[in-house]
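# Observations on the three-dimensional arrangement
Here are the chains, one letter per residue:
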Amino acid sequence: MKTVLVTGGAGFIGSNFIRLALKVRPDWRVVVLDALTYAGNLENLEGLEAAYPGRYRFAHADVTDAGRVKALFEEESVAAVVHFAAETHVDRSILGPTAFVKTNVMGTATLLEAARGAWKDRPGRYLQVSTDEVYGSLKETGFFTEQTPLDPSSPYSASKAAADQLALSYYRTFGMDVVVTRCCNNYGPYQFPEKLIPLMITRALAGENLPVYGTGQNVRDWIHVDDHNRGVLLVLDKGRAGEVYNLGARCEKRNLDLVKELLRVAAAVKGWDPVQTEGKITFVTDRPGHDWRYAIDPSKAESELGYAPQVPFREGLESTVRWYLEHEGWWRRVQSGAYKDFVQALYGERR
Ligand code: NAD
Ligand code: TYD
């Protein structure tokens, strides 16, 4: 049995990763470390302990807690770390940057130190889950490659850039077996309803206005969460130590087009009038420092590792919209009082 420590496993991408990994890696024992912030929910991992007895453990811990993290490495013989835990929402990082520095930078530093200590005699592999946002913004043309200089715009992306550089420094300085993935915007089930796609679906269901920032012409590059996670598994298996791998599905969409597309799907499923549904779109004050365009070139992962995303966008979007429509209980439960305060703080000011 190979023990893999997955941080942030109660969040969107982490919980989908764990479900996939327990299924396709029968020799893995997964130890989840998660602080259960507003974005982490045990409901996202429901049933796994019973479905995979002895192969799953949940540890409620903060990644910045050096004592707890070290103890976990002592209790478990960790062979690999997949580090998802982070503060992840750009708008929140604008309202309050320090939590991002604490979790994303200090949390990564804490985890790297614990791994370095534990792996002195029996080395393991460390995978840092990063984002294309570390590259900053593109204009209308061009793509991010692994050679694109880092130029982050938001406190979120700046903290992620610091974290991925710190991870790479452990390869160069200490010879630790480190790999980094940088992926584009994910969509799929269990995404917290602060992010664009679930936000729009849940607000449409609640009959609320649909806030599109600025002109809605900004471009994001989308990937289904399972395709991201298959890439993470490949990089963990076959990536070269000290290397960065961009992961993406070559699927650029302007925000406004994407919102209209998902509303058409929701309207068709729910039997709503599509014109009335689209009529709820409201152009609101732009996000400060809003990156114009993201577009990932994943050729290195494709040619070196045989990476090939499998989920066609239209299919993935439809199944995702249906998932939120069918899991109203889930997204209503995760919208805690603290989340409602955040929505008021962010959107109350935007007209
Ligand atoms: P998320 O916000 O849904 O989940 C984050 C998880 O981390 C939650 O379970 C939360 O409880 C946990 N967490 C937060 N602070 C913690 C702390 N101090 N200690 C322990 N656990 C803590 O995030 P996500 O969208 O699933 O993103 C996961 C990772 O993937 C992040 O590192 C993010 O930067 C990266 N990423 C995300 C995207 C995307 O589109 N969502 C794209 C590329 C990369
Ligand atoms: P988001 O899901 O926050 O991801 P990121 O900022 O990490 O790319 O936002 C995706 C895009 O959607 C981004 O260009 C900002 C835009 N957006 C809106 O127009 N309205 C919203 O209410 C939100 C949350 C995002």
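Quick summary incoming for the structure in this document. These figures come from a predicted structure and were not determined experimentally.

Leave glycine aside and you will find that most residues have negative phi; peptide bonds, for their part, are mostly trans. The phi dihedral of Tyr-190 is positive, around 70°, even though this residue is not glycine. In this model, Arg-250 sits at a positive phi of 50°, which is unusual for a non-glycine residue. Mapped onto the fold, Arg-250 is located in the loop between β10 (244-247) and β11 (252-254). Here Arg-250 falls in the exposed class, since its relative accessible area comes to 51%.

Here we come to the packing of helix α3 (residues 66-75) against helix α5 (residues 98-118). The interhelical angle for the contact between α3 and α5, taken along N-to-C directions, is 35°, at an axis separation of 9 Å. The interaxial crossing formed by α3 with α5 has right-handed handedness. On α5, the residues touching Ala-66, Val-69, Lys-70 and Phe-73 of α3 are Thr-110, Leu-111, Ala-114, Ala-115 and Ala-118. Taken together, the residues of the contact of α3 with α5 sort by class into 7 nonpolar, 1 polar and 1 charged.

So, on to the site of ligand 2. Close to ligand 2 lie 18 residues; Glu-133, Pro-211, Arg-287, His-290 and Tyr-347 are nearest. In this structure, Arg-287 approaches ligand 2 through a side-chain N or O atom, which is 2.5 Å from an oxygen atom. Look at ligand 2: alone it shows 510 Å² of surface, and the protein chains cover 97% of it. At the level of secondary structure, the elements contributing two or more residues to the shell around ligand 2 comprise α4 (90-95), α7 (196-205) and β8 (210-213). The leading source of residues in the shell around ligand 2 is β8, at 3 residues. In terms of residue class, the shell around ligand 2 is made up of 8 nonpolar, 4 polar and 6 charged.

Our next topic: helix α14 (residues 337-347). Among the residues of α14, those classed as buried are Tyr-339, Phe-342, Val-343, Leu-346 and Tyr-347. Considered in projection along α14, the buried side chains sweep an arc of 100° and stay on one side of the axis. For α14, the exposed residues lying more than 90 degrees away from the buried face are Ala-338, Lys-340, Asp-341 and Gln-344. At its buried positions, α14 is contacted by α4, α7 and β8.

Let us now look at the environment of Trp-292. Summarising the element assignment, Trp-292 is placed in the loop between β12 (281-284) and α11 (299-305). Distance from Trp-292 to Glu-140, taken between C-alpha atoms, is 8.3 Å for residues 152 residues apart in sequence. Not counting residues within four places of it along the chain, the set of residues in contact with Trp-292 comprises Ser-137, Leu-138, Lys-139, Glu-140, Thr-215, Gln-217, Asn-218, Val-219, Arg-220 and Arg-254.

Let us now look at the environment of Glu-318. Take Glu-318: it is sitting in helix α12 (residues 313-326). The class of Glu-318 is partly exposed, set by a relative accessible area of 28%. Sequence-wise, Glu-318 and Leu-262 are 56 residues apart; in three dimensions their C-alpha atoms are separated by 7.7 Å.

So, on to the sheet that holds strand β3 (residues 56-60). Here we have 7 strands laid out as an open sheet, ordered β3-β2-β1-β4-β5-β6-β10, and parallel in their pairing. A strand with exactly one partner marks an edge of an open sheet, and here the two such strands are β3 and β10. Strand-to-strand, the axes of this sheet are offset by a mean angle of 20°, without reference to chain direction. Summarising the sheet, strand β1 (residues 2-7) and strand β4 (residues 78-83) pair through 5 bridges and their orientation is parallel. Residue Leu-5 lies in a different strand from β4, and its bridge partner there is Val-81. Contacting β1, β2 (28-34), β3 and β4, α3 runs over the sheet at an angle of about 160° to β3. Seen against the sheet, helix α8 (residues 225-238) touches β2, β4, β5 (125-131), β6 (177-183) and β10 and runs at an angle of roughly 145° to β5.

Cut-offs and rules
Residues numbered from 1 in each chain as written. Chains lettered and ligands numbered in written order. Predicted model: local features only at pLDDT ≥ 70, side-chain atom pairs only at ≥ 80, totals over all residues. Heavy atoms only, no water. Helix = DSSP H or I, 4+ residues; strand = E, 2+ residues; numbered from the N terminus. Buried < 20%, exposed > 50% of the residue type's maximum accessible area, 1.4 Å probe, protein only. Axes fitted to C-alpha atoms, helices over the stretch in contact; angles between N-to-C directions. Left-handed = near helix turned anticlockwise from the far one by under 90°. Contact = heavy atoms within 4.5 Å. Nonpolar A, V, L, I, M, F, W, Y, C, P; charged D, E, K, R; others polar. Near = heavy atom within 4 Å. Polar contact = N/O pair within 3.5 Å; in protein donor to acceptor, adjacent residues only side chain to side chain. Areas by Shrake-Rupley, 256 points an atom, 1.4 Å probe, with all protein chains shown as cover. Arc of directions from axis to C-beta. Pairing = 2+ DSSP bridges.

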